[in-house]
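Residues per chain are reported as follows:
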Amino acid sequence: MRASVLRDGRMVYRDDVPEPVPGPGQVLVGVRACGICGSDLHFAAHGAEVVALSNELAQGGGMDLDLNRDVFMGHEFSAEVLEAGPDTETHPPGTLVTSIPVVLSAKGVEPIVFSNTTLGGYAERMLLSAPLLLAVPNGLDPKHAALAEPMAVGLHAVNKSGIDSGEAALVIGCGPIGIAIIAALRVRGVETIVASDFSTKRRELARQMGAHQTLDPAQGSPFDSVRPAVVFEAVGVPGIINDVMRRARRGSRLVVAGVCMQADTVHPFFAIAKEITVQFSNAYTPEEFGESLHALAEGHIDVAPMITGEVGLDGVGAAFDDLADPERHCKILVTP
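Bear in mind that the values here come from a model prediction, so they are computed numbers and not experimental data.

Describing the overall build of the protein chain
Across its full length, the protein chain holds nine helices and 17 strands. By principal-axis analysis of the C-alpha atoms, the protein chain measures approximately 60 × 45 × 35 Å. Per-residue burial for the protein chain yields a buried fraction of 54% across its 336 residues. If the 25 positive side-chain charges of the protein chain are averaged to one point and the 41 negative ones to another, these points end up 7 Å apart.

Rendered as C-alpha cells:
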C-alpha cells in the first residue's frame, strides 16, 4: 500500500506499507482527502522536542514514538467506508465519513497524529473506530469535509473566549488556525472581526472568510487601530503574548491558539496591572468537531478559499516545503 511517512525530518513516499486489517469495532476506510496541518510541519522540524516535552508533561508516560523509525501522520481527513471488522456494525461500504483522529484498539485509545504503527491520512487506507464515525452530510465535498478538524480547533478557541457578538475581536495571525477562528467568529455573529498578518495573501483570505478589517503589522501595531475585547494569538512566535499584554486594553481577554515551540518570556506586571485574562486553547471536543462538520455541510462556512493546493502521496514532501511560504499557500490537501 502507498503512503507518505516522516523519516529523518523529511516526508518520504513508500509503496510497501502493509495493508491495515480492521479488528472488532474497527472499519477499514479509503482516504479521500487529508489536509496538511501546521502541527505536522512543526513535528517534522521539532519532532525530538515535541516528544521530549510530551513525555515531560506526562511524567514519562507520553508519546511512545521512535523517531529513528518511519512516522505515520495525517489527522485532517475524510474517507470512504470499505470494510468492517468482525462483529462490527457500521455505515455501508461507500459511505463518506470522517472522525475525530483517534482509533480504539485492544491497546486502548491510539491518537491518529504521530505514530510508528497507527496509520493516518497520508496513506491510501487506514483504520477508524465504528462508534466514532460521522457520516458526511448533505453531499459535502470530501475535500471540504477533511477540514472539519482544523475548523473545530478554531471553534474551540472561540468557545474558550466566551466572546459576545457585540465585542470586538482581534485575530493575530491568519494561517489556517487564525482563519478557522475568523470563520467561527463570523458564524457566532461577532460584529467586529479584525485580522492582522504580514502576508498580503493571508489578509485577503481573512476577508473572504469573514474579517471586517485587516491590518498589516508592518505598518504599525494593530492596537493602534482597534481596541478589542478579545485577542486571539494564532502565530506561535516568542514575544507575541507579552506584546499583547503590554498593548491590550484593561480587562482584555487573550486566547492563545498558536503553538510556540520555543521558550517564551512575559512580564506579568502588564497583565496584572490591566487584569488581563489569558486562556490557552488546544484541539476541541467531539461535540465541537461535529458542530464544525455540520457548519460546513449546511453552508455556514465555505472552506474552498482556504484550499490552495492539492498533491498525491508522492508530493507530500514538496508540499511541506511549499507551505513555508505564506504568500503561496494556506492549506494543501493530500488526495491519495
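That was the structure; now back to the text.
Let's talk about the environment of R7
Tracing the backbone through its elements, the reader meets R7 in strand β1 (residues 3-7). For the pair R7 and P20, spaced 13 residues apart in sequence, the C-alpha separation works out to 20 Å. With residues up to four places along the chain from it excluded, the contact list for R7 reads V12, R14 and D70.

Observations regarding the packing of helix α3 (residues 148-161) against helix α8 (residues 286-297)
Packing of α3 against α8 leaves a shortest axis separation of 8 Å and a crossing angle of 115 degrees. The two elements α3 and α8 meet at a crossing, and its hand is right-handed. For the pair formed by α3 and α8, the contact residues are A148, E149, M151, A152, L155, H156 and N159 on the first element and E288, F289, E291, S292, L293 and L296 on the second.

Examining the pairing of strand β16 (residues 307-311)
For β16 and strand β17 (residues 331-334), the ladder comprises four bridges, and the chain directions are parallel. Bridge pairing in β17 places G309 opposite I332. Regarding topology, helix α9 (residues 316-322) serves as the crossover connection from β16 to the parallel β17, and that connection is right-handed.

Observations concerning the packing of aromatic side chains
In the structure shown here, the tally under the stated rule is four aromatic pairs. The interplanar angle of 75 degrees and the centroid separation of 6.4 Å between the aromatic rings of Y122 and F320 together place this pair among those described as edge-to-face. Of this pair, Y122 sits in the loop between β7 (108-111) and β8 (125-129) while F320 sits in helix α9, placing them 198 residues apart in sequence. We note that Y122, like F320, is buried.

Description of the UniProt feature "domain: Alcohol dehydrogenase-like C-terminal" (unreviewed entry) in the protein chain
According to UniProt, the positions carrying the feature "domain: Alcohol dehydrogenase-like C-terminal" (unreviewed entry) are residues 176-297. Each end of residues 176-297 is marked by a C-alpha atom, and these two atoms are 19 Å apart; helix forms 40% of the span and strand 16%.

Overview of unusual backbone geometry
Its identity is not glycine, yet D87 carries a phi of approximately 55 degrees, on the positive side. Locating D87 in the fold gives a position in the loop between β4 (76-84) and β5 (96-98). Within the chain, E275 stands out as a residue other than glycine whose phi angle is a positive 50 degrees.

Overview of the domain arrangement of the protein chain
Many authors give the size of an interface as the accessible area that is lost as the parts come together. With domains assigned, the protein chain is organised as domain 1 (3-135 + 303-334) and domain 2 (150-280). In this structure, domain 1 and domain 2 have C-alpha centres spaced 28 Å apart. Contacts between the two partners involve 16 residues from domain 1 and, on the opposite side, 14 residues from domain 2. Of the roughly 1,300 Å² buried between domain 1 and domain 2 on both sides combined, carbon and sulfur atoms contribute 67%. If you sort the residues of domain 1 by the area they bury against domain 2, M306, E327 and C330 come out on top, with a joint share of 35%. A total of five residues in the side of domain 1 that touches domain 2 trace back to one element, the largest contributor, which is helix α1 (residues 38-57). Taken together, the residues that form the side of domain 1 that touches domain 2 break down as seven nonpolar, four polar and five charged.

Notes on the sheet that holds strand β15 (residues 277-280)
Spatial strand order, β12-β11-β10-β13-β14-β15: six strands in an open sheet with parallel pairing. Every other strand in the sheet has two partners, leaving β12 (213-215) and β15 as the edge strands with one partner each. In this sheet, neighbouring strand axes are inclined to one another by 20 degrees on average, regardless of whether the strands run parallel or antiparallel. Note: strand β10 (residues 168-172) against strand β13 (residues 230-233), four bridges, orientation parallel. Bridge assignment links V171 to a residue of β13, and that residue is F232. Sheet contacts for α3: β13, β14 (253-256) and β15; angle to β13, the most-contacted strand, approximately 150 degrees.

As for the pattern of salt bridges
Within the structure shown, the criterion is met by 17 salt bridges. A salt bridge links D243 to R246; the shortest N-O distance between them is 3.0 Å. A residue pair is termed a helical-turn pair when its members lie 3 or 4 positions apart in one helix, as D243 and R246 do in helix α6 (residues 240-247) at three residues. Its relative accessible area of 42% is what places R246 among the partly exposed residues. When salt bridges with common partners are traced through the structure, they connect R2, E19, E124 and R125 into a single cluster.

Regarding the side chain of S252
Assignment of secondary structure puts S252 in the loop between α6 and β14. Taking relative accessible area as the criterion, S252 reaches 1% and is therefore assigned buried. Among the polar contacts made by the side chain of S252, one reaches the main-chain carbonyl oxygen of R249 at a distance of 2.7 Å. Contact partners of S252, with chain neighbours within four places excluded, come to P228, A229, E275, I276 and T277.

Cut-offs and rules
All residue numbers refer to positions counted from 1 along the written sequence of the respective chain. Under the rules for a predicted model, residues below a pLDDT of 70 receive no local features and side-chain atom pairs below 80 are neither given nor counted, while totals for whole chains, interfaces and linings still include all residues. The basis for every side-chain value is the complete set of non-hydrogen atoms in the structure, without hydrogens or water. We count a stretch as a helix when DSSP gives it H or I for four or more residues in a row; a strand needs E for two or more, and each element gets its number in order from the N terminus. Only protein chains enter the accessibility calculation, which uses a 1.4 Å probe; a residue is then buried when its area is under 20% of its type maximum, exposed when over 50%, and partly exposed in between. Note on charges: Lys and Arg go in the positive column, Asp and Glu in the negative column, and His and the chain ends are not counted at all. To locate a charge, the coordinates of NZ of Lys, CZ of Arg, CG of Asp or CD of Glu are taken. Residue contacts are counted whenever heavy atoms from the two residues lie within 4.5 Å of one another. For helices, the axis comes from a line fit to the C-alpha atoms of the stretch in contact; other axes are also lines fit to C-alpha atoms, and the angle between any two N-to-C directions lies between 0 and 180 degrees. Crossing handedness follows the turn of the near helix against the far one: under a right angle anticlockwise gives a left-handed crossing, and clockwise gives a right-handed one. Here the rule is simple: two strands pair whenever DSSP picks up at least two bridges between them. Here the term right-handed applies to a crossover when the path leading from its first strand over the helix to its second strand runs clockwise, the strands being oriented away from the viewer. Aromatic pairing here means that ring centres of Phe, Tyr or Trp (its six-membered ring) are within 6.5 Å. Orientation follows from the plane angle: under 30 degrees is stacked, over 60 is edge-to-face, and everything else is tilted. UniProt positions are given in the numbering used here, feature names are shortened, and annotations may be inferred rather than shown by experiment. For each domain, the first and last residues come from an automatic or database assignment. When two parts are brought into contact, each loses some accessible area as probed by a 1.4 Å sphere; the total of that loss over both is the buried area. Each residue gets one label: Ala, Val, Leu, Ile, Met, Phe, Trp, Tyr, Cys and Pro are nonpolar, Asp, Glu, Lys and Arg are charged, and the others, such as Gly, are polar. Throughout this description, the term salt bridge denotes a Lys or Arg side-chain nitrogen within 4 Å of a carboxyl oxygen of Asp or Glu. For the purposes of these results, a polar contact is taken to be a pair of N or O atoms within 3.5 Å, where, inside protein, one atom must be able to donate a hydrogen and its partner to accept one; residues adjacent in sequence count only when each atom of the pair is a side-chain atom.

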